[in-house]
Amino acid sequence: MTPRRPASLLAVLFATLACVLSPDEPTETEARAAARAQAALLGRMERDVDEALAAIDLVGVCHHPDCPCRELIDELRPGCSVVRAERRARVRDVTERFQRETVPAWARETPLLGAEVTFRLPDEATQLLGRVAPSTPGRRNGAVRAPRSELAHGAWQGALGGRGLYQTAWTRGAARYGDGEYHRGIELHWTRGHGVAQAWITAWVLIDGWRRPAAWPVR
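Reading the values: rules and limits
Residues numbered from 1 in each chain as written. Predicted model: local features only at pLDDT ≥ 70, side-chain atom pairs only at ≥ 80, totals over all residues. Heavy atoms only, no water. Phe/Tyr/Trp six-rings, centres within 6.5 Å; stacked < 30°, edge-to-face > 60°. Helix = DSSP H or I, 4+ residues; strand = E, 2+ residues; numbered from the N terminus. Buried < 20%, exposed > 50% of the residue type's maximum accessible area, 1.4 Å probe, protein only. Core = buried A, V, L, I, M, F, W, Y, C linked by side-chain atoms within 4.5 Å. Contact = heavy atoms within 4.5 Å.

### Side note on the packing of aromatic side chains
Here the structure, examined in full by the defined rule, presents five aromatic pairs. Each ring, one from Tyr177 and one from Trp216, has its centre 6.1 Å from the other, and the planes form 65°; the classification is edge-to-face. On the criterion of sequence distance, the pair formed by Tyr177 in strand 6 (residues 175–177) and Trp216 in the segment after strand 8 (197–206) is long-range, its members being 39 residues apart. Of the two residues, Tyr177 and Trp216, neither departs from the other in class, the shared state being buried. Among the aromatic residues, those joined into a ring-pair cluster are Trp170, Tyr177, Trp210 and Trp216.

This is the structure:
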């Protein structure tokens, strides 16, 4: 009579097989080299955000005799209410243009899996400037996450903080996207500023030759 194999041995076999089939997570050296290899994409993202921030920062400039308009009571002054209304309209225009034109250009057949950009003006809530779906890709346990709080204001070159394996499979409604496998990738967080406007950028970039399909929805 053939002895039965313990279930634990089968579990070890499947776990070993999974390890063999899964790619290795990138080392920090590989991740930094991969980020440098994507300088064109990351630099473009940075320039686009800088341009948007410059336009957003202008909306805070007040040329009306009632300026400056900083206190809550200033809302009662006619000049201030006009300035604030113009600012809201211009911020909306910049944001809509960024999401309509800039975000699709980032995502068009690039190794960018997902991205998100938020911004804030003084004394106002943080707002979304634009995102590339999926804005929060799946991460396999053990991935090194980029610590947002530890990153200083500056360029993407100093922003690398995350690396690991990232899941491309995601759904939107009844539609499914991705291949269901983990891919080697890097995660970056960095900030940009122009005048009183500040932005936070997050990007997930795959580094194993994967390219974002043109048919995928962008946002």
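### Some points on the nonpolar core
Counting residues in each nonpolar core, the largest one holds 32 residues, and the members touching the most others are Met45, Val49, Ile56, Trp106 and Leu112. Secondary structure elements with two or more residues in this core: helix 2 (28–37), helix 3 (39–58), helix 4 (78–107), strand 1 (112–120), strand 2 (127–132), strand 7 (182–194) and strand 8. Excluding anything up to four places from it in sequence, Ile56 contacts Val91, Val94, Phe119, Leu121, Leu129 and Ala197. Formed by nine residues, the second largest nonpolar core is a distinct cluster that contains Tyr166, Trp204, Trp210 and Trp216.

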